[in-house]
Amino acid sequence: MAGPTNALAPSQREALRARLNAAIPAWYRPWVHLAFPSLVGLGVIACALALLHPLTVWQLLTVPAAFVVLNAGEWRIHRDALHRRTPGLTVLYDRHTPEHHMVFLTDDMAIHSSREFRLVLIPFYGILAAFFAALPIPAVLIALGHFNVAMLFMATTMAYVVSYEWLHLSYHLPTGSFIGRLRLIAFLRRHHATHHDPRLMQRWNFNVTVPLWDWVRRSIYRETGRKDEPANESAGATAG
Ligand SMILES: [Zn+2]
Ligand SMILES: [Zn+2]
């Protein structure tokens with residue numbers, strides 16, 4: 001099922017933002033929410049790299065190969081689970097399409113306070129979910145005798161998830177902040193900000209990290225007047 005394709009009226013958007021902020025529990029610590037997945041991810045990477053046996057050049061190719069697979073996975077999960085209600089994964093849709101996308105729009109992407117990390121970051125246990133979801137692949141690789149490939153695959157997966165979190169949060173920082181002013185962040189933010197147009201979000205710019213798979217799948221939005229084209233099964237986009 002596709003989600004909404006129109007932006008809320010300004011007053012509705014403000015009310016939604018106020019309601020979501022009011023729902024953040026008093027115990028919520030934004031910097032812990034950012035640090036937990038980062039430390040788990042970096043910890044797994046450090047362990048995986050420490051366990052490596054002497055490497056061959058061919059084994060090192062695991063890193064770019066895994067990156068491409070993960071980039072394609074990010075594209076597909078964003079399109080199919082974050083923008084469509086998928087049984088078992090509805091928490092992803094509920095936090096993304098009707099909340100994250102309705103609060104942050106192309107021309108108004110910045111969080112108002114660090115407590116709004118909660119409206120941007122994936123749930124804190126997401127890094128653990130990614131670890132356990134990826135685990136069968138290194139398990140099979142180890143069973144087949146490819147220990148180094150297994151370790152590099154796991155390290156790349158964790159690095160990808162941590163990068164996703166850091167980059168996505170960076171795009172939602174004020175543009176005048178130290179991180180928001182960085183050229184690379186400004187470049188990548190434009191790609192993601194376009195995706196934050198409710199008329200475009202169901203169809204274009206699904207990569208939040210590097211827009212490689214958007215390029216492969218020809219889903220990079222370019223200003224050619226295609227905005228009014230029906231997005232898959234959901235037609236009739238109007239407001240912005
Ligand atoms: Zn976003
Ligand atoms: Zn989205």
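Residues numbered from 1 in each chain as written. Chains lettered and ligands numbered in written order. Predicted model: local features only at pLDDT ≥ 70, side-chain atom pairs only at ≥ 80, totals over all residues.

### Description of the overall build of the protein chain
Alright, step 1. From N to C terminus, the protein chain includes 11 helices and 0 strands.
Alright, step 2. Helices (α) and strands (β) of the protein chain occur, in sequence order from the N terminus, as α-α-α-α-α-α-α-α-α-α-α.
Alright, step 3. The C-alpha radius of gyration of the protein chain comes to 19 Å, within 12% of the 18 Å expected for a compact globule of 240 residues.
Alright, step 4. In terms of principal-axis extent, the alpha carbons of the protein chain reach across some 60 × 40 × 40 Å.
Alright, step 5. Split into buried and exposed, the 240 residues of the protein chain put 31% on the buried side. (Helix = DSSP H or I, 4+ residues; strand = E, 2+ residues; numbered from the N terminus. Rg over C-alpha atoms; globule rule 2.2 N^0.38 Å. Buried ≥ 20, exposed ≤ 12 C-beta atoms within 10 Å, placed from the backbone.)

### Concerning the confidence of the model for the protein chain
Alright, step 1. Confidence in the prediction for the protein chain averages 91 pLDDT; 91% of positions are at 70 or higher.
Alright, step 2. Per-element confidence in the protein chain is highest for helix 8 (residues 147-171), whose mean pLDDT is 98, and lowest for helix 5 (residues 90-103), whose mean pLDDT is 93.
Alright, step 3. Contacts for the low-pLDDT stretch residues 228-240, under 50 throughout, to residues beyond four places or in other chains number 23 contacts. (pLDDT = per-residue confidence, 0-100. Contact = placed C-beta atoms within 7 Å.)

### What about helix 4 (residues 62-82)?
Alright, step 1. Over its 21 residues, helix 4 runs 28 Å from end to end, which matches the ideal 30 Å to within 8%, given 1.5 Å per residue.
Alright, step 2. Taken together, the buried positions of helix 4 are Thr62, Ala66, Leu70, Asn71, Glu74, Trp75, His78 and Leu82. (Expected span 1.5 Å × (residues − 1).)

### Considering the environment of Pro211
Alright, step 1. The residue Pro211 is located in the loop between helix 10 (183-195) and helix 11 (212-216) in this model.
Alright, step 2. Accessibility expressed as a C-beta count within 10 Å gives 19 for Pro211, which makes it partly exposed.
Alright, step 3. It is 7.8 Å that separates the C-alpha atoms of Pro211 and His191, two residues lying 20 residues apart in sequence.
Alright, step 4. What Pro211 contacts, discounting residues up to four positions off in sequence, is His191, Asn205 and Ile220.

### A few points about the nonpolar core
Alright, step 1. Counting 21 residues, the largest nonpolar core has Met151, Phe153, Met154, Ala155, Met158 and Val161 as the members making the most contacts within it.
Alright, step 2. The set of elements that each furnish at least two residues to this core consists of helix 2 (30-50), helix 4, helix 6 (126-134) and helix 8.
Alright, step 3. Here this core takes 12 residues from helix 8, the largest share from any one element.
Alright, step 4. Those residues in contact with Met154, other than ones at most four positions away along the chain, are Val44, Ala48, Ala134 and Pro138. (Core = buried A, V, L, I, M, F, W, Y, C linked by C-beta atoms within 7 Å.)

### Structural notes on unusual backbone geometry
Alright, step 1. Its identity as a non-glycine residue notwithstanding, Asn205 has a phi of 55°, on the positive side.
Alright, step 2. Secondary-structure assignment places Asn205 in the loop between helix 10 and helix 11.
Alright, step 3. Overall, Asn205 belongs to the buried group, with 22 C-beta atoms counted inside 10 Å.
Alright, step 4. With a phi angle near 55°, Arg218 is a residue other than glycine that sits in the positive phi range.
Alright, step 5. Relative to the helices and strands, Arg218 resides in the segment after helix 11.

### Side note on the packing of helix 7 (residues 136-143) against helix 8
Alright, step 1. Where helix 7 contacts helix 8, the axes come no closer than 7 Å and their chain directions differ by 165°. Here helix 7 lies roughly antiparallel to helix 8, going by the angle between them. The two elements helix 7 and helix 8 meet at a crossing, and its hand is left-handed. Every residue of helix 8 that contacts helix 7 at Ile137, Pro138, Leu141 and Ile142 is listed here: Phe147, Val149, Ala150, Phe153 and Met154. (Axes fitted to C-alpha atoms, helices over the stretch in contact; angles between N-to-C directions. Parallel < 35°, antiparallel > 145°, perpendicular 65-115°, else oblique. Left-handed = near helix turned anticlockwise from the far one by under 90°.)

### Some remarks on the packing of helix 8 against helix 10
Alright, step 1. Between helix 8 and helix 10, the shortest axis-to-axis distance is 9 Å and the interhelical angle comes to 85°. Compared by their axis directions, helix 8 and helix 10 come out roughly perpendicular. Contact with helix 8, carried on its side by Leu167, Ser170 and Tyr171, involves Ile185, Leu188, Arg189, His192 and Ala193 of helix 10 and no other residues of that element.
Alright, step 2. A class-by-class count of the residues in the contact of helix 8 with helix 10 yields 5 nonpolar, 2 polar and 1 charged. (Nonpolar A, V, L, I, M, F, W, Y, C, P; charged D, E, K, R; others polar.)

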